Amino acid sequence: MSQEWPLWEIFIRGQHGMSHRHVGSLHAPDAEMAIRNARDVYTRRKEGVSIWAVRSTDIAASSPSEKGPLFDPADSKVYRHPTFYDIPDDVGHM
Amino acid sequence: MTQTADVTASALDEALVQWLLRIGDTSLILGHRVSEWCGHAPVLEEDIALANTALDLIGHTQMWLGLAGQIEGKGRDADALVYRRDAMHYRNLKLVELPNDDMAITVMRLFLFDVFHQALIEGLTQSKDPRIAEIAAKALKEVTYHLERSSDLVVRLGDGTQQSHDRMQAALEHLWPYCGEMFWSDAVDETLADAGLAPHPDRLREGWLATVQDILTEATLKAPEGRLDVHLGGKVGRHTEHLGFLLAEMQFLQRAYPDADW
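Per an unreviewed UniProt entry, chain B carries the name Phenylacetate-CoA oxygenase subunit PaaC and comes from Thalassococcus lentus.

Under an unreviewed UniProt entry, chain A has the name 1,2-phenylacetyl-CoA epoxidase subunit B and belongs to Thalassococcus lentus.

Visitor: Please explain the overall build of chain A as it appears in this structure.
Guide: Check the secondary structure of chain A and you find 2 helices and 3 strands. A globule of 94 residues ought to have a C-alpha radius of gyration of about 12 Å, yet chain A, at 21 Å, is considerably larger. C-alpha extents for chain A along the principal axes are approximately 65 × 35 × 15 Å. Counting only contacts in chain A whose residues sit at least 6 apart along the sequence, the fraction spanning at least 24 positions is 45%. Here chain A contributes 11 positively and 13 negatively charged side chains, and the mean placements of these two sets differ by 8 Å.

Visitor: Would you mind going over the packing of aromatic side chains with me for this structure?
Guide: Under the counting rule described, the total for this entry stands at 5 aromatic pairs over all chains. Ring centres of Trp19(B) and Trp64(B) lie 5.8 Å apart, and the angle between their planes is 90°; on these two criteria the pair is classed as edge-to-face. Linking Trp19(B) in helix α1 (residues 3-35) with Trp64(B) in helix α2 (residues 44-72), this pair joins segments that are 45 residues apart in sequence. Trp64(B) sits in the buried class, given a relative accessible area of 1%. An aromatic cluster is built from Phe113(B), Phe116(B), Trp176(B), Phe183(B) and Trp208(B), whose rings are joined through pairwise contacts. Above the plane of the ring of Trp8(A) lies Arg55(A), whose end atom (NZ or CZ) is 5.7 Å from the centre. One cation-aromatic arrangement involves Arg85(B) over Tyr90(B); the distance from NZ or CZ to the ring centre is 4.2 Å.

Visitor: Even after reading the chapter, I still don't get unusual backbone geometry, so can you show me in this structure?
Guide: Among all residues except glycine, the phi angle is most often negative; among peptide bonds, the trans geometry is most common. All names here are of chain B. The backbone of Thr-220 shows a phi angle near 55°, a positive value even though the residue is not glycine. Of the residues examined, Thr-220 reaches a relative accessible area of 42% and is grouped as partly exposed. For Asp-259, which is not glycine, the phi torsion reads 65° and is therefore positive. Summarising the element assignment, Asp-259 is placed in the segment after α10 (242-256).

Visitor: Any chance you could explain the interface of chain A and chain B here in plain terms?
Guide: For interface size, the figure often reported is the accessible area lost on association. On the side of chain B, 13 residues touch chain A, which itself brings 14 residues to the contact. Carbon and sulfur atoms supply 51% of the area buried between chain A and chain B, which totals about 1,300 Å² over both sides. Our enumeration of links across chain A and chain B arrives at 4 salt bridges. In this structure, Glu148(B) and Arg36(A) form a salt bridge, with 3.7 Å as the shortest nitrogen-oxygen distance. If one sorts the elements of the side of chain A that touches chain B by residue count, helix α1 (residues 31-42) of chain A sits on top with 7 residues. Classifying every residue of the side of chain A that touches chain B by side-chain character gives 6 nonpolar, 2 polar and 6 charged.

Visitor: Help me understand the environment of Ile51(A), please; the structure alone is not making it clear to me.
Guide: Residues and elements named next belong to chain A. Its location among the elements puts Ile-51 in strand β3 (residues 48-55). Classification of Ile-51 by relative accessible area gives partly exposed; the value is 22%. Along the sequence, Ile-51 and Ile-35 sit 16 residues apart, while their C-alpha atoms lie 6.7 Å from each other. Beyond its immediate sequence surroundings of up to four residues, Ile-51 is in contact with Ile-10, Phe-11, Ile-12, His-20, Ile-35, Ala-38, Arg-39 and Thr-43.

Visitor: Please explain the sheet that holds strand β2 (residues 21-27) of chain A as it appears in this structure.
Guide: Consider a sheet: its strands pair through backbone hydrogen bonds, and that pairing is either parallel or antiparallel. Residue and element names in this part refer to chain A. Read across the open sheet, the 3 strands follow the order β2-β1-β3; overall the sheet is antiparallel. With one partner strand each, in any of the chains shown, β2 and β3 form the two edges of the open sheet. When strand polarity is set aside, the average angle formed by the axes of neighbouring strands in this sheet is 30°. Here strand β1 (residues 7-14) pairs with β3 via 7 bridges, running antiparallel. Looking at β3, one finds that Phe-11 is bridged to Trp-52. Along the sheet, α1 makes contact with β1, β2 and β3, crossing β2 at roughly 115°.

Visitor: It is not clear to me how the side chain of Asp186(B) should be interpreted in this structure. Could you clarify?
Guide: Residues and elements named next belong to chain B. Secondary-structure assignment places Asp-186 in the loop between α7 (162-179) and α8 (187-194). For Asp-186, a relative accessible area of 19% corresponds to the buried category. Among the polar contacts listed, one links the side chain of Asp-186 to the backbone nitrogen of Val-188, at a separation of 3.1 Å. The residues contacting Asp-186, other than those within four sequence positions of it, are Arg-22 and Val-236.

Each value, and the rule that gives it
Residues numbered from 1 in each chain as written. Chains lettered and ligands numbered in written order. Predicted model: local features only at pLDDT ≥ 70, side-chain atom pairs only at ≥ 80, totals over all residues. Heavy atoms only, no water. Helix = DSSP H or I, 4+ residues; strand = E, 2+ residues; numbered from the N terminus. Rg over C-alpha atoms; globule rule 2.2 N^0.38 Å. Contact = heavy atoms within 4.5 Å. Lys, Arg positive; Asp, Glu negative; His and termini not counted. Charge placed at Lys NZ, Arg CZ, Asp CG, Glu CD. Phe/Tyr/Trp six-rings, centres within 6.5 Å; stacked < 30°, edge-to-face > 60°. Buried < 20%, exposed > 50% of the residue type's maximum accessible area, 1.4 Å probe, protein only. Lys NZ or Arg CZ within 6 Å of the ring centre and 35° of its normal. Buried area = accessible area lost by both parts, 1.4 Å probe. Salt bridge = Lys/Arg side-chain N within 4 Å of Asp/Glu carboxyl O. Nonpolar A, V, L, I, M, F, W, Y, C, P; charged D, E, K, R; others polar. Pairing = 2+ DSSP bridges. Axes fitted to C-alpha atoms, helices over the stretch in contact; angles between N-to-C directions. Polar contact = N/O pair within 3.5 Å; in protein donor to acceptor, adjacent residues only side chain to side chain.

As structure tokens, then:
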């Protein structure tokens, strides 16, 4: 196809989910048809109660090559996990 | 019970079976035609959407023909009715047996039928026969979505490029003379309408014309001036040459290996 439809990322909020989750992508000429197509492609088994469609080109993404500088510094900082507190007995089960 | 009342009851059942075959066969044959796109549609998203529509229609068929077989009382279930009848015993509208040819005809046919189908199913939810009303209630949401989708596509393609516009207009001219059969009626329809079981087909004509006209205008397409009711006969078993080929493919497995199962 010479003029491919733009790509859309599809997010669906499930029956009991609180937030929309990324389920995949599809092609559509505009937002309205992106949602229609998402209904047919991704909710055939009653997966969702709400659909978001976002143009893939509108998503800003971090670069995989910067993975090291972005995430590795968090490696040796166990104190960032709240596991070093003594929980008073009065608090009960947390 | 007097004898007359018995005769009347069985006459009503007879008409009901014919009527159920008509609506069930129409869903089945259109469903089959739409399913022929599976794996062949121009884009993946449309392929899946068409397959969903086909499955909806075949689901309705199961309910309509299941009820037909039950009332007929000859031990035929929906599968027996679908796989073991020849073309002359089929009662579907001619409109739905025509080949797909291209996306323009596929989409335009779905639209012209969906407008009628949605009004019919909505009317049937008020049927005095609870079995009919129940099936209609189950089908209504699907049929409403079908109409939403097909009318949207008609507007997009009609008011699209010069090529898509011309092809949609050609599809409309091709299908128009088959549309009148949706509103054609005989004693079967009269009997059902008099008993409050189904809306009289004639009563759906005006609403259909108005909705179709609205969408066509939005799609910059022009309703043909010719008659709607040129090609009739499907409802009484007179079909185009296309139905036999469709059945040959659809019924092959059960004809070659009766009762094959998996």
